[in-house]
Structure formats: C-alpha cells, structure tokens
Amino acid sequence: MKVIIHGGFFSESNTNQETKRAKQDAMAQICEAAHKYLQTHTATETAMFAVALLEDHELFNAGYGSQLQSDGKVRLSAAVMEGHTQRFAGVINLEEVKNPIHVAGKLLAVDDRVLSGEGAQKFARDHGFDSYNPVSEQRLKEYQEKRNQANRLGTVGCVALDRDGNLAAATSTGGKGFEIPCRVSDSATVAGNYADRLSAVSCTGVGEDIVSAALASRIVTRVADGQTLKQAMERSFSEMKAYDGFAGAIGITAAGEIFHMDSHPYMVWASFDINLQVFS
Ligand code: ASP
C-alpha cells in the first residue's frame, strides 16, 4: 500500500519560508492521513479522500482557495481514474461546489462521465452538493491586486496503490489563474490524470504543455510497454524539452515503484512508501 500526493509548484522567488513550511506541514499531515485511510479503503476512495483534503486547504489552488479566472469567477476542474476498471470521470469549469473531486467520483458510476459548466453544476446539485463559495479572502485580494502570477500552479493530486494491487489517480485544480473564462485545464483530461492496471499518474504545471505531451497517458503507456516508471517519466519529460514544457508528475506502479519528476524545481509533494517523505 503506497500513496503519493502533490500540491503543484511554488515559486521560490515569491514564496516566503513561512508559506513553504506551512505547505510542508500540510503535505505531511494529508499524506499521513491518506496512508492511514488506505489501510481500510480502496485506491480510488483514498485518492479522492486525499484530494478533497487538499481542496479544503486554502494554501492550494483547488477547491477552497482556488485562483480566479480573468472575469473574477472561480471555475473548478477535477478528475479521477481507476486503474483496474479504466474508468475516467471528471468535471470541467464547475462553479460553486465545495469538493469537485467528489462530483467526479459520482460520475464514475454513470455513462456520461465528463461534464462541464452548467451541466456539471446541475449534476452536482441533483446529487446533493450544496451551493458553496470557494473564493478565499487571500485569492480575492491577489485577484484585485492582479497578483495571481506569483501564486499560480498549486493544483493538487494523489496516486494510490491499495492492498488488492489496484491503482487510482485523482487531480483537482482552480486552473492557471487569470485565464480566459472557461479555458479548459489539463487536470480533467487524460493528459493530466491517467491510470491503468499497471500504473497511475497525476500531473501539475502549465496545462497547455501537459496536453501537448499527453503527459500522464504517455507515461502510463510507456510503463504498459515495459519501461520502469522512472524510465517512462524521464523519457516523457525529455520530450517536453523541445518546447520548454513546464510540468511535474507523480506516479505509482502495480509492482510498487513510486516516483515523481519535475521539469522545473519546486514541485510540492509528499509520499508514504515505507516512510513519510516530504519535499524540502
Ligand atoms: N495544470 C493546471 C492547469 O493548467 C495548473 C496547475 O497545475 O497548477 O490548469
């Protein structure tokens, strides 16, 4: 049983030591809680559990505390993929919901598994998700001061391997910040979040770069074709160099290999393999 989580990137030049320490503490606590939860739950349940905790934490750009799009609205995107059933479900640009990852989780059970905008919101309301304002004071202030650039890229994700050897990946984001309204993030696509029976991957970074690389699905495919997770990530990240792609990824294989990689430093992550490890 293993779990790895990410909290996007932070900018070394714009982040003070206090924020860094707060992120390390949050990652450690959430990763430990997820590992404990994994003892009695499936990989899919655990990936969503961890992502929901990250969504609820205002330091991260997902759920509460998400960045605002250029028209001042928060639109949330999230996806979950279960490796052994190869079911992918997601919501794109969903408004006024507390935990978009749980809406994606509900969609796993239906035929139409990726919904956007108003349709996603109606589905959420029909399934008991109350109206919720995810705008934090801090994000509103940043938006008003047009400071989103300093804090962008704090998407969250989790990959888990459960006792039955099943894998799942879940990812959730408030997007890049200041984007054109309704821009589609990679996080609720197979480029940002993908899994099969052999491996599972969640990404963060510039969504357009991640989509250009089909990053998560490409890494997972390479593992299916016989590469180790490390080889698959190294190869896929080296291909992004051609356009200076900005991305990070976390992953686990069914054999228990756990690995993370970033194209630029300062990806925020934590893992529970044998011990708890947190980015430094
Ligand atoms: N990948 C996200 C997006 O482009 C941003 C992030 O990872 O922080 O929407």
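The structure displayed is predicted, hence computed values, not measured ones.

Draft legend 1. Seen up close, the overall build of the chain. Helix and strand counts for the chain stand at eight helices and 12 strands. Relative to the compact-globule value of 19 Å for 280 residues, the chain shows a C-alpha radius of gyration of 17 Å, a close match. Overall, the C-alpha framework of the chain stretches about 50 × 45 × 35 Å when taken along its three principal axes. Taken across its 280 residues, the chain has 55% of its residues classed as buried. For the chain, long-range pairs separated by at least 24 residues make up 68% of all intrachain contacts whose partners lie at least 6 apart in sequence. As displayed, the chain offers around 11,500 Å² of accessible surface, 48% of which is attributable to carbon and sulfur atoms. Charge separation in the chain, taken as the distance between the mean sites of 27 positive and 34 negative side-chain charges, equals 2 Å.

Draft legend 2. View of the site of the ligand. The environment of the ligand is made up of 13 residues, and the closest members are Thr-155, Arg-183, Asp-186, Thr-204 and Gly-205. Asp-186 places a polar side-chain atom, nitrogen or oxygen, 2.6 Å from a nitrogen atom of the ligand. Here an oxygen atom of the ligand sits 2.6 Å away from a polar atom, N or O, in the side chain of Thr-204. Taken by itself the ligand offers 270 Å² of open surface, and the protein chains cover 100% of this. Because more than half of its atoms lie within 2 Å of the grid, the ligand is assigned to the largest cavity.

Draft legend 3. Fine view of the packing of helix 2 (residues 43-56) against helix 3 (residues 100-107). Running from N to C, helix 2 and helix 3 point in directions that differ by 150°, and their axes come no closer than 8 Å. Viewed along their axes, helix 2 and helix 3 adopt a mutual orientation that is roughly antiparallel. Two secondary-structure elements touch here, helix 2 through Met-48, Val-51, Ala-52 and Glu-55 and helix 3 through Pro-100, Ile-101, His-102 and Gly-105. Classifying every residue of the contact of helix 2 with helix 3 by side-chain character gives five nonpolar, two polar and one charged.

Draft legend 4. Representation of the pairing of strand 11 (residues 267-272). Along strand 11, six of the six residues are buried, which leaves the element largely enclosed by surrounding structure. By the bridge criterion, five bridges tie strand 1 (residues 2-9) to strand 11 in an arrangement that is antiparallel. Of the residues in strand 11, the one forming a bridge with Ile-5 is Ala-270. The turn linking strand 11 back onto strand 12 (residues 276-278) is made up of three residues.

The rules behind each value
- Residues numbered from 1 in each chain as written.
- Predicted model: local features only at pLDDT ≥ 70, side-chain atom pairs only at ≥ 80, totals over all residues.
- Heavy atoms only, no water.
- Helix = DSSP H or I, 4+ residues; strand = E, 2+ residues; numbered from the N terminus.
- Rg over C-alpha atoms; globule rule 2.2 N^0.38 Å.
- Buried < 20%, exposed > 50% of the residue type's maximum accessible area, 1.4 Å probe, protein only.
- Contact = heavy atoms within 4.5 Å.
- Areas by Shrake-Rupley, 256 points an atom, 1.4 Å probe, with all protein chains shown as cover.
- Lys, Arg positive; Asp, Glu negative; His and termini not counted.
- Charge placed at Lys NZ, Arg CZ, Asp CG, Glu CD.
- Near = heavy atom within 4 Å.
- Polar contact = N/O pair within 3.5 Å; in protein donor to acceptor, adjacent residues only side chain to side chain.
- 1 Å grid on protein atoms, 1.4 Å probe; cavity = no way out; pocket = protein on both sides within 12 Å on 5 of 7 lines; lining within 4 Å.
- Sits in = over half its atoms within 2 Å of the grid points.
- Axes fitted to C-alpha atoms, helices over the stretch in contact; angles between N-to-C directions.
- Parallel < 35°, antiparallel > 145°, perpendicular 65-115°, else oblique.
- Nonpolar A, V, L, I, M, F, W, Y, C, P; charged D, E, K, R; others polar.
- Pairing = 2+ DSSP bridges.

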